[in-house]
Amino acid sequence: MEQLDIKSLYEEELKEKMISLGEKPFKGKQLYQWLHQKAAGSYEEMTNLSEGLRKKLTEQEPLTHLEVVEVQTSKIDGTQKYLFQLADGNVIESVWMQYKHGNSVCISSQVGCRTRNLLPSEMLDQVYRIQELTGERVSNVVVMGTGEPLDNYDNLIRFIRILSDEKGQNISQRNLTVSTCGLVPRIRQLAEEDLTITLALSLHAPNDEKRKELMPIAYKYSLSEVLPACKYYFEKTGRRLTFEYSLVGGKNDSQEDARQLAGLVHGLNCHINLIPVNPIKERDFEQSTQNNVAAFKHILERQHIQVTVRREMGRDIQAACGQLRKSYKERSGDE
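Residues numbered from 1 in each chain as written. Predicted model: local features only at pLDDT ≥ 70, side-chain atom pairs only at ≥ 80, totals over all residues. Heavy atoms only, no water.

### Considerations on the overall build of the protein
For clarity, the cut-off: Helix and strand definitions here come from DSSP, where helices need a minimum of 4 consecutive H or I residues and strands a minimum of 2 consecutive E residues; each element is numbered from the N-terminal end. Every radius of gyration here is taken over C-alpha atoms, with the globule rule written as 2.2 Å times N^0.38, N being the number of residues. Categorising residues by exposure relies on relative accessible area from a 1.4 Å probe, with only protein chains included: less than 20% of the type maximum marks a residue as buried, more than 50% marks it as exposed, and the intermediate range marks it as partly exposed.
Summing up its helical and strand segments, the protein has 11 helices and 10 strands in all. The C-alpha radius of gyration of the protein comes to 21 Å, within 12% of the 20 Å expected for a compact globule of 335 residues. Projected onto its principal axes, the C-alpha coordinates of the protein cover approximately 70 × 45 × 35 Å. Evaluated residue by residue, the protein yields a buried proportion of 53% over its 335 residues.

### Quick word on the state of the cysteines
Formally: Disulfide: a pair of cysteine sulfur atoms within 2.5 Å of each other.
Applying the stated criterion across every chain yields a total of 0 disulfides. Among the cysteines around C270, which has no disulfide bond, C230 carries the closest sulfur, lying 9.7 Å off.

### Focus: the packing of helix α1 (residues 11-20) against helix α2 (residues 26-37)
Where we set the bar: Angles shown run from 0 to 180 degrees and are taken between the N-to-C directions of axes, each axis being a line fitted to C-alpha atoms and, for helices, limited to the stretch in contact. Small angles under 35 degrees read as roughly parallel and large ones over 145 as roughly antiparallel, with 65 to 115 read as roughly perpendicular and the rest as oblique. Handedness of a crossing follows from how the near helix is turned relative to the far one, being left-handed for an anticlockwise turn of less than a right angle and right-handed for a clockwise one. Whether two residues are in contact is decided by their heavy atoms, any of which lying within 4.5 Å being enough. Residues are grouped as follows: Ala, Val, Leu, Ile, Met, Phe, Trp, Tyr, Cys and Pro are nonpolar; Asp, Glu, Lys and Arg are charged; every other residue, Gly included, is polar.
In the contact formed by α1 and α2, the axes pass within 7 Å of each other and the chain directions differ by 130 degrees. On the basis of the axis angle, α1 is oblique to α2. Every pair of crossing elements has a handedness; the one defined by α1 and α2 is right-handed. Residues E11, L14, K15 and M18 of α1 form the contact with α2, whose own contacting residues are K27, G28, K29, L31, Y32 and L35. Each residue belonging to the contact of α1 with α2 can be placed in one class, and the counts come to 5 nonpolar, 1 polar and 4 charged.

### Points about the pairing of strand β2 (residues 80-85)
Filter applied, for reference: In this description, strands pair whenever DSSP reports at least two bridges between them.
Counting buried positions over the 6 residues of β2 gives 5, a clear majority of the element. Inspection of the sheet shows strand β1 (residues 67-73) paired to β2 by 6 bridges, in the antiparallel sense. Its bridge partner being in β2, V68 is matched across the sheet by F84. Joining the antiparallel neighbours β1 and β2 is a turn of 6 residues, in which G78 adopts a positive phi near 80 degrees. Here β2 runs beside strand β3 (residues 91-99); their pairing, made up of 6 bridges, is antiparallel.

### Overview of unusual backbone geometry
One non-glycine residue, A39, adopts positive backbone phi at about 50 degrees. Relative to the helices and strands, A39 is located in the loop between α2 and α3 (51-60). For A39, a relative accessible area of 23% translates into the label partly exposed. Its identity is not glycine, yet D194 carries a phi of approximately 60 degrees, on the positive side.

### So, the sheet that holds strand β7 (residues 198-202)
Strand pairing in a sheet takes place through backbone hydrogen bonds and is either antiparallel or parallel in direction. Taking strand neighbours across the sheet as the criterion, the 10 strands line up as β1-β2-β3-β4-β5-β6-β7-β8-β9-β10 in an open arrangement whose pairing is mixed. Two strands close off the open sheet at either side, each with one partner strand: β1 and β10 (306-309). Strand-to-strand twist in this sheet, taken as the mean axis angle between neighbours without regard to direction, amounts to 20 degrees. Summarising the sheet, β7 and strand β8 (residues 241-247) pair through 3 bridges and their orientation is parallel. The partner of L201 across the bridge, within β8, is F243. Set on the sheet, helix α4 (residues 120-134) makes contact with β1, β2, β3, β4 (102-107) and β5 (140-143); between it and β2 the angle comes to about 125 degrees.

### Digging into the nonpolar core
As a reminder of what qualifies: Nine residue types can take part in a nonpolar core, namely buried Ala, Val, Leu, Ile, Met, Phe, Trp, Tyr and Cys, and a core is a set of them joined through side-chain atoms within 4.5 Å.
If you look at the biggest cluster of nonpolar residues, it comprises 90 residues, and the most contacted ones within it are L31, F159, F243 and I272. If near-sequence neighbours (up to four positions away) are discounted, F159 is found in contact with I107, P120, M123, L124, V141 and V143.

### Thoughts on the environment of I130
For I130, the position within the fold is in helix α4. Once residues within four sequence positions are removed from consideration, I130 is found in contact with Y82, F84, S94, W96, V105 and G135.

### Here we look at helix α8 (residues 223-237)
Applicable threshold: Helix span, expected: 1.5 Å multiplied by one less than the number of residues in the helix. Summarising the geometry, the arc corresponds to the directions from the helix axis toward the C-beta atoms.
With 15 residues, α8 extends 21 Å from end C-alpha to end C-alpha; this agrees with the ideal 21 Å at 1.5 Å per step. Those residues of α8 that fall on the buried side of the exposure criterion are L223, V226, L227, A229, C230 and Y233. End-on, the buried residues of α8 take up no more than an arc of 155 degrees, which puts them together on one face. The exposed set on the far side of α8, more than 90 degrees from its buried face, consists of S224 and E235. A positive backbone phi angle near 75 degrees is found at G238, which sits one or two residues after α8.

### Observations concerning the pairing of β7
Looking along a regular strand, one sees the side chains alternate between the two faces of the sheet. Our working rule: Handedness rule for crossovers: strands pointing away from the viewer, path from the first strand over the helix to the second running clockwise, crossover right-handed.
The buried fraction of β7 is high, at 5 of 5 residues. Residues T198, A200 and S202 point to one face of β7 and L199 and L201 to the other, with burial holding for every one of them. Taken together, the 4 bridges between strand β6 (residues 176-180) and β7 define a ladder with parallel strand orientation. By the bridge assignment, V178 is partnered in β7 with L199. Considered for its hand, the β-α-β crossover made up of β6, helix α6 (residues 184-191) and β7 is right-handed.

Next comes the structure, spelled out in structure tokens:
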């Protein structure tokens, strides 16, 4: 397990850290408040800590503070995509979206799929920095950017507990969504954590054959394993499941696909989020027609399945995670 930095520690751990530095434990409580309630970007801001302690922390405990490399703003709906640089020079993406029900941020959990796990502090600071930069409160967070969150399990759990802590940002766990491609053992483990977050499964196909074409993980875990794990999550948490289904023209958007999907999720307490994909040249993906999307949705609704077509945000800035980071790396000669 990687070494945790100071912004990744729980309050009790910070109290222990203060004792190890020869300080009183209550300094840990003050530090936790500065880091997570006030989201301070430097030790110098922490005015109720002594100058000596601030100097000691500056020298011994580098503070995670993401640097903004680039920001893109949609002219259509105001969605903003942020490219942040980490202390080791890696870059990650986050997306800010404004809805009637509040402001949402989509964060990354890994530098690239399996390149490097993000520390809890690096996940938290995506939220903190966007709040600082926009001057607005974030009410909903989705861990749906670059990476498989359940591959970064321990850091993800710390991130959730700190972000939802009433002594920190106090964002309700019910407003946190974690998206997974379907790591069965981790889904079952997550069900035991006593959390109230929403689990979103990237489903994208009504059967294993088509899912394998779209998602390599389907070779490891079949739907006959993934769906019972999701059902177990609902039974343990009482939280309705979300199934993400990207509609790809000619691949998984037929009426027969819709009927198979309805049969697949029959009896599950779930909501299906249909996502018409943008054309992707690299993968030969075409967008579903409006008629196909409407017919697909209608078939599910007739089977009394709750379904919505996701409102497209930031289309003109390619707000789906990965595009900005990819173009930045190409420009900087990293690829």
